[in-house]
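In case you want the letters, here they are:
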Amino acid sequence: MKKYLTDIIWFLIGFAVVNLVFLFAVSRVDWNFKKRLQSLNLDSPEYDYLILGNSYALDGIDAELLSSDKNKAYNMAIGGTSVRTNFIQLKEYIRSYDTRPEKVILALDGFRHDFKSDVVHPIVEFTTDDYQYTFQDLPLIKFRWMFIEMIKKVISSEHRNAELVQGQLRLAKTISDKTNLPEVPKKLPFKNFKSSPWIQKIDSLCVVNDIELVLLEMPAVKGKRNDTPVGPHEIRLDNGNLVKLFNFNSIDFNFGQDPTTDWIGNSHLNETGARKFTRKIKEVMAL
Amino acid sequence: MLFNSVDFAIFLPVVFIIYWFVLQGKLRLQNFFITLASYLFYGWWDWKFLSLIILSTFVDYSIGRLLEKEDRTSYRKIYLWSSIVVNLGILGFFKYYNFFLENFIQAFSLFGSEIRASSLSIILPVGISFYTFQTLSYTIDVYRKKLQPTHDFIAFSAFVSFFPQLVAGPIERALHLLPQFYRKRHFNYKLAVDGSQQIIWGLFKKMVIADNCAEYANMIFQNSAEYNPLSLIMGALFFTFQIYGDFSGYSDIAIGTARLFGFDLMRNFAYPYFSRDIAEFWRRWHISLSTWFRDYLYIPLGGSRGGKWRNIRNVFIIFIVSGFWHGANWTFIFWGFLNALYFLPLMLTNLNRNNIGVVAEGRIFPKPGEIIGILITFWLTVLAWIFFRAENLTHAFSYLEGILIGTGQNQIDFFADNYQMLFLFVFIVMMLSVEWLQRDKEHGLQINPSKRKLSWALNLVVFTLCFLFEGNQADFIYFQF
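In this text, all values refer to a predicted model and were calculated from it rather than measured experimentally.

Peer 1: Please clarify how the overall build of chain A should be interpreted in this entry.
Peer 2: Summing up its helical and strand segments, chain A has twelve helices and eight strands in all. Considering only C-alpha atoms, chain A reaches an extent of 75 × 45 × 40 Å along its principal axes. The long-range fraction of contacts in chain A, counting pairs at least 24 apart against all pairs at least 6 apart in sequence, stands at 76%.

The following block contains the structure:
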């Protein structure tokens, strides 16, 4: 029995080491993980514009280009996050740093989500100060989906050569948009923005900290576009507050996008598309 | 409680520690504890159905005692049939009531009669087909005087409910398993290491192969009208490996877990996809069920004795009943029928016991004739699995039509989901290669215990792969049977 238990203990130690090595590797290789660690330890966190959102914003908003001599922007978006996760990120930012941004740009995808999800992104959850770890948080369980991403990075030079610049993930890879505009035009689902409890929480946090919250609907491939005007639309959230919303997913909105060069698949912009789009944001939002 | 769950990862070490450290040497207490642990394991799904297991235990224990005291054949027969009626009655009600009712109504409607009856919303208790057959084997063996009836109710309860094999087998014989509950058990290092390795190999087959294959098999079978022939063939292949990984994986975990407690369960799979003919396949697939039907149905029906036609009848009965055992659906019956058709030429030409030993024994590669045999058997099996997986017979035939005529247009994307499917191909090849190299051993990770470090290092690698490439489906297919 003693020999067997010794084997089991060594096996468990080995498994713990594998987990630690895996955690170390993903935190060094995975863009989202790197980004998260970076945003928790910003050397100079005095940003005027803080961009929150998921992978559409992570790839599609060029924070470097959005910055100017007067204003500095940081793209804090993380791939796969919910609005609840964005709320946690903002709360942490405000708690961790003495500075407050002038604007929080919450870049969303109303063409896909209703913003009510209570799911917290595993990376954010794992790296939150007061998180209670359980058996399910073993890195091999919690972050196993990142393993394929790591392999992609090893295999594909396009993934390997991507870079994080002021929080934006710049990818040169191109996948053409082969979709067509919807036969029956869609409308921007205002109701989803107004009723989202997490947008309301972000808004309340911004009000308390004297930050302007701007909502931004991200562009999408042709098949996912709506025909609601760009705006800005003044929408009243269910908590009674007014917030500005720019619909950059409008069929009429044009940032000079080229379906063959500006996309990277599933409505994500590549670095060329992101540059074009960010210039247009500056123009429309007068930043 | 699922084997590949956090609950079981906590349950197993706790039971192991109490069993060996607190109750070591106290046989009755160990058996009692196994019974309690097994009830907890089963009750984790639905404690209400525990009553069925307890009822079966009481009925078969009591009938065993009655048979012991009774010498008159007529009374012995009554006792035996009482057990059969109770056990199969419970199974029949939970598993087949709605099937018979619906088919009865349909049959009458063909003659213009209309029968009004409503089907019941019946939940099928997990593993009912497995433990019912196990308890029946006890009563039948006692009736045949092959086995002394037990006087130890606790040992018998532990035998009926033994948690490693309670819900999906192997279906143990009382002759083999029950005596193990009478003997003092001593911890055996080699057995425990081998058991651990078998558990890990089972987890790999379940979590990596079966659960990932399930995603694609479900996607293709559920939308089969849309897919082109290549995709439909791939769908059938995915299901072929899903069901193997799922069921043989479960059996490996069950056998390995039993070994940790000092028990030896019968082998349930012996690399069936390397079979050179369909007869060999059935000696290697779900061995505990095939041999159960052989011993308790085929042989009592006369087996291969009594002329050609009787023999053919018996083959069809055993295969069709075996198919029906899997579920109340014509697809399973047709699957059994198809396998009987495959088997028949071999039996009629006396070639059904041609391939008994290990394929390509002493060689790395098989001979061309063996390769052809393996490939033919494999594709016949794939064809039969289409019926097993289809929702109904219409679906199965339209699936085949889709393969042969090409009614759908969609092609599965081999590179979708971050190359997930390509990784799956690599793992299927890896599983087949490992099992080919280990085909003279009991499982894929059986390594000489003298190579202790190498063996544990390999365990660690395979265990890590289970987590990195775990699929989404959690339930074992055979639980529904």
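Peer 1: When you look at the overall build of chain B in this model, what are you seeing that I'm missing?
Peer 2: When you go through chain B residue by residue, the secondary structure sums to 17 helices and zero strands. Its C-alpha atoms give chain B a radius of gyration of 23 Å, within 12% of the compact-globule value 23 Å for 481 residues. Expressed along its principal axes, the backbone C-alpha trace of chain B runs to roughly 70 × 65 × 45 Å. Going through the 481 residues of chain B one by one, you find that 44% of them count as buried.

Peer 1: Where do I start with the sheet that holds strand β2 (residues 73–75) of chain A in this structure?
Peer 2: Each strand in a sheet pairs with its neighbour through backbone hydrogen bonds, running either in the same direction (parallel) or in the opposite one (antiparallel). Residues and elements named next belong to chain A. The strand order across the open sheet formed by six strands is β2-β1-β3-β6-β8-β7, and the pairing between neighbours is mixed. Of all strands in the sheet, those bounded by a partner on one side alone are β2 and β7 (233–236). For this sheet the average axis-to-axis angle between neighbouring strands, irrespective of direction, equals 25°. Lying over the sheet, helix α5 (residues 83–96) contacts β1 (49–53) and β3 (103–108), oriented at roughly 150° with respect to β1.

Peer 1: Explain the domain arrangement of chain B to me, please; I cannot follow it from the model alone.
Peer 2: For interface size, the figure often reported is the accessible area lost on association. Residues and elements named next belong to chain B. Taken domain by domain, chain B consists of domain 1 (6–186) and domain 2 (190–276 + 355–480). Computed over C-alpha atoms, the centres of domain 1 and domain 2 are 29 Å apart. Contacts between the two partners involve 17 residues from domain 1 and, on the opposite side, 17 residues from domain 2. Of the residues that constitute the side of domain 1 that touches domain 2, the class distribution is nine nonpolar, six polar and two charged.

Peer 1: What's the story with the interface of chain A and chain B in this structure? I'm lost.
Peer 2: At the interface, 17 residues of chain A touch 17 residues of chain B. Elements represented by at least two residues in the side of chain A that touches chain B include exactly α1 (2–29), α7 (139–142) and α8 (145–155) of chain A. Looking at which element gives the most residues to the side of chain A that touches chain B, the answer is α1 of chain A, with eight residues.

Peer 1: When you look at the pairing of β3 of chain A in this model, what are you seeing that I'm missing?
Peer 2: The side chains of a regular strand alternate, first on one face of the sheet and then on the other. All names here are of chain A. Most of β3 is tucked away: six of the six residues are buried. Here β3 shows a buried face lined by K103, I105 and A107 and a second buried face lined by V104, L106 and L108. Bridge count between β1 and β3: five bridges; the pairing is parallel. Residue pairing across strands places L50 opposite V104, the latter belonging to β3.

Peer 1: Just to check I follow, could you spell out helix α2 (residues 27–46) of chain B for this structure?
Peer 2: Structural remark: α-helix, 3.6 residues per turn; residues separated by three or four positions point the same way. Residue and element names in this part refer to chain B. For α2, with 20 residues, the first-to-last C-alpha span of 29 Å sits near the 28 Å given by 1.5 Å per residue. Buried within α2 are the following residues: Q30, N31, I34, T35, A37, S38, F41 and Y42. Next to the buried residues of α2 lie α1 (6–22), α3 (50–69), α6 (153–161) and α7 (174–182).

Peer 1: Sorry, what's going on with the nonpolar core here?
Peer 2: In a soluble, globular protein the nonpolar side chains are often hidden away together inside. Membership of the largest hydrophobic core comes to 166 residues, with the highest contact counts inside it found for L50, I51, L106, A107 and L216 of chain A together with F159 and C213 of chain B. Considering every element that reaches this core, the biggest residue donor is helix α8 (residues 189–222) of chain B, with 18 residues. Lining this core are residues from two domains, each supplying at least three of them: domain 1 (6–186) and domain 2 (190–276 + 355–480) of chain B. Once residues lying within four places of it in the same chain are set aside, the contact partners of A107 of chain A are I51, G53, Y56, A57, I61, A77, L216 and M218 of chain A. Core analysis: the next-biggest nonpolar cluster, separate from the first, contains 14 residues, F281, W282, W285 and I287 of chain B among them.

Peer 1: Please clarify how helix α15 (residues 393–405) of chain B should be interpreted in this entry.
Peer 2: Residues and elements named next belong to chain B. Spanning 13 residues, α15 covers 18 Å between terminal C-alpha atoms, matching the ideal 18 Å at 1.5 Å per step. The set of residues buried in α15 consists of A396, Y399, G402 and I403. For α15, the angular spread of the buried residues around the axis is 120°, confining them to a single face. Exposed residues on α15 whose side chains face more than 90 degrees from its buried face are T394, L404 and I405.

Peer 1: Help me understand the pairing of β7 of chain A in this model?
Peer 2: Residues and elements named next belong to chain A. Direction of pairing for β7 relative to strand β8 (residues 242–247): antiparallel, over a ladder of four bridges. Following the sheet pairing, R236 is matched in β8 by L242. Here β7 folds back onto β8 in antiparallel fashion, the turn holding five residues, of which G240 has a positive phi close to 95°.

Peer 1: Would you mind showing me how to read the confidence of the model for chain B here?
Peer 2: Regions with low pLDDT carry predicted coordinates that are not meant to be interpreted in detail. In this model, chain B carries an average pLDDT of 89, and 95% of its residues clear a pLDDT of 70 or more. Both scores are available for the predicted complex, with the pTM at 0.83 and the ipTM at 0.81.

Peer 1: Looking at this structure, how should I read the packing of α1 of chain A against helix α17 (residues 452–468) of chain B?
Peer 2: For any two helices packed against each other, the geometry is given by the interaxial angle and the distance between the axes. Two elements in contact, α1 of chain A and α17 of chain B, have axes separated by 10 Å at closest approach and are oriented at 45°. In this view, α1 of chain A runs oblique relative to α17 of chain B, as classed from their interaxial angle. Of the two elements, α1 of chain A crosses α17 of chain B, and the hand of that crossing is right-handed. Contacts between α1 of chain A and α17 of chain B involve D7, W10, F11, G14, F15 and V18 of chain A from the first element and W456, N459, L460, F463 and T464 of chain B from the second. Residue composition of the contact of α1 of chain A with α17 of chain B, by class: seven nonpolar, three polar and one charged.

Peer 1: What exactly am I supposed to notice about the packing of helix α13 (residues 330–348) of chain B against helix α14 (residues 368–389) of chain B here?
Peer 2: All names here are of chain B. With their axes 8 Å apart at the nearest point, α13 and α14 run at an angle of 160° to one another. Here α14 runs roughly antiparallel to α13, going by the angle between their axes. Every pair of crossing elements has a handedness; the one defined by α13 and α14 is right-handed. The residues of α14 that touch α13, namely those facing T331, F332, F334, W335, L338, N339 and Y342, are L380, A384, F387 and F388. Residues that form the contact of α13 with α14 fall into these classes: nine nonpolar, two polar and no charged.

Peer 1: It is not clear to me how unusual backbone geometry should be interpreted in this structure. Could you clarify?
Peer 2: Along the chain, G231 of chain A connects to P232 of chain A via a cis peptide bond; the corresponding omega equals 15°. Looking at the element boundaries, P232 of chain A is found in the loop between β6 (212–217) and β7. Its identity as a non-glycine residue notwithstanding, H286 of chain B has a phi of 40°, on the positive side. Tracing the sequence through the fold places H286 of chain B in the loop between α10 (278–284) and α11 (287–298). Of note, A360 of chain B is a non-glycine position whose phi angle comes to about 50°, a positive value. Within the secondary structure, A360 of chain B sits in the loop between α13 and α14. The class of A360 of chain B is partly exposed, set by 18 C-beta atoms lying within 10 Å.

Peer 1: What am I meant to see in the environment of R363 of chain B here?
Peer 2: Position of R363 of chain B relative to the elements: it lies in the loop between α13 and α14. Considering only alpha carbons, one finds R363 of chain B and L437 of chain B, 74 residues apart in sequence, at a separation of 9.8 Å.

Cut-offs used in this document
Residues numbered from 1 in each chain as written. Chains lettered and ligands numbered in written order. Predicted model: local features only at pLDDT ≥ 70, side-chain atom pairs only at ≥ 80, totals over all residues. Helix = DSSP H or I, 4+ residues; strand = E, 2+ residues; numbered from the N terminus. Contact = placed C-beta atoms within 7 Å. Rg over C-alpha atoms; globule rule 2.2 N^0.38 Å. Buried ≥ 20, exposed ≤ 12 C-beta atoms within 10 Å, placed from the backbone. Pairing = 2+ DSSP bridges. Axes fitted to C-alpha atoms, helices over the stretch in contact; angles between N-to-C directions. Domains from an automatic or database assignment. Nonpolar A, V, L, I, M, F, W, Y, C, P; charged D, E, K, R; others polar. Expected span 1.5 Å × (residues − 1). Core = buried A, V, L, I, M, F, W, Y, C linked by C-beta atoms within 7 Å. Arc of directions from axis to C-beta. pLDDT = per-residue confidence, 0-100. Parallel < 35°, antiparallel > 145°, perpendicular 65-115°, else oblique. Left-handed = near helix turned anticlockwise from the far one by under 90°.

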